[in-house]
Amino acid sequence: MNQEELFRNLISDGYNFFTGVPDSALKVFQNKILTSRFPNIIATHESQALGIAVGALLAGNKPCVY
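Every value quoted in this text rests on a predicted model; they were computed, and no experiment measured them.

### What about the overall build of the protein?
Thought 1: The helix and strand inventory of the protein stands at 3 helices and 3 strands.
Thought 2: Taken from the N to the C terminus, the helices and strands of the protein come in the order α-β-α-β-α-β.
Thought 3: For the protein, the C-alpha radius of gyration of 11 Å lies close to 11 Å, the compact-globule estimate for 66 residues.
Thought 4: Each principal axis of the C-alpha distribution contributes one length, and for the protein these read about 30 × 25 × 20 Å.
Thought 5: For the protein, buried positions account for 27% of its 66 residues.
Thought 6: Within the protein, residue pairs in contact and separated by at least 24 positions form 53% of the contacts whose partners lie at least 6 positions apart.
Thought 7: For the protein, the accessible area works out to roughly 4200 Å², and carbon and sulfur atoms hold 57% of it.
Thought 8: If you average the places of the 5 positive and of the 5 negative side-chain charges in the protein, the two averages end up 8 Å apart.

### Focus on helix 1 (residues 3-12)
Thought 1: Structurally, the start of helix 1 carries an N-cap: the backbone nitrogen of Glu 4 is 3.0 Å from a side-chain oxygen of Asn 2.
Thought 2: Gly 14 sits one or two positions beyond helix 1 and adopts a positive phi of about 100 degrees.

### Some remarks on the packing of aromatic side chains
Thought 1: Overall, the coordinates contain 5 aromatic pairs when judged by the stated rule.
Thought 2: Consider the rings of Phe 18 and Phe 29, whose centres lie 6.3 Å apart with planes at 75 degrees: the pair is edge-to-face. One end of the pair, Phe 18, is in strand 1 (residues 17-20); the other, Phe 29, is in helix 2 (residues 27-34), with 11 residues separating them in the sequence. You'll find Phe 18 and Phe 29 in the same group, each marked buried.
Thought 3: Look at Phe 18 and Phe 38: their rings are 6.1 Å apart centre to centre, the planes differ by 65 degrees, and that puts the pair in the edge-to-face class. Of this pair, Phe 18 sits in strand 1 while Phe 38 sits in the loop between helix 2 and strand 2 (40-42); the two residues are 20 residues apart in sequence, bridging distant segments of the chain.

### Quick look at the packing of helix 1 against helix 2
Thought 1: Viewed as axis vectors pointing N to C, helix 1 and helix 2 meet at an angle of 45 degrees, and their least axial separation amounts to 8 Å. Taken together, helix 1 and helix 2 sit at an angle that is classed as oblique. Along this stretch, helix 1 crosses helix 2, giving a crossing that reads as right-handed. Of the residues in helix 2, those in contact with Gln 3, Glu 4, Leu 6, Phe 7 and Leu 10 of helix 1 are Lys 27, Val 28, Phe 29, Lys 32 and Ile 33.
Thought 2: Grouping the amino acids of the contact of helix 1 with helix 2 by side-chain chemistry returns 6 nonpolar, 1 polar and 3 charged.

### Brief notes about the environment of Leu 34
Thought 1: As for its position among the elements, Leu 34 is in helix 2.
Thought 2: C-alpha separation for the pair Leu 34 and Phe 18, spaced 16 residues apart in sequence, amounts to 9.7 Å.

The rules behind the values
- Residues numbered from 1 in each chain as written.
- Predicted model: local features only at pLDDT ≥ 70, side-chain atom pairs only at ≥ 80, totals over all residues.
- Heavy atoms only, no water.
- Helix = DSSP H or I, 4+ residues; strand = E, 2+ residues; numbered from the N terminus.
- Rg over C-alpha atoms; globule rule 2.2 N^0.38 Å.
- Buried < 20%, exposed > 50% of the residue type's maximum accessible area, 1.4 Å probe, protein only.
- Contact = heavy atoms within 4.5 Å.
- Areas by Shrake-Rupley, 256 points an atom, 1.4 Å probe, with all protein chains shown as cover.
- Lys, Arg positive; Asp, Glu negative; His and termini not counted.
- Charge placed at Lys NZ, Arg CZ, Asp CG, Glu CD.
- Polar contact = N/O pair within 3.5 Å; in protein donor to acceptor, adjacent residues only side chain to side chain.
- Phe/Tyr/Trp six-rings, centres within 6.5 Å; stacked < 30°, edge-to-face > 60°.
- Axes fitted to C-alpha atoms, helices over the stretch in contact; angles between N-to-C directions.
- Parallel < 35°, antiparallel > 145°, perpendicular 65-115°, else oblique.
- Left-handed = near helix turned anticlockwise from the far one by under 90°.
- Nonpolar A, V, L, I, M, F, W, Y, C, P; charged D, E, K, R; others polar.

Printed below as a string of structure tokens:
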């Protein structure tokens, strides 16, 4: 599965909020998120991304941490 398929699968599974630490290995996936209508919060550390995702979940979103 390539990164574009991964993004499409996540969207079809209901994920609607993205957060994570930028990584060149995920460049295609991150660009798909950036050009989408979904919120994307860039974190400075993995633990920060998890905290953001928990907050998003409590607010009613289905978050994906990359």
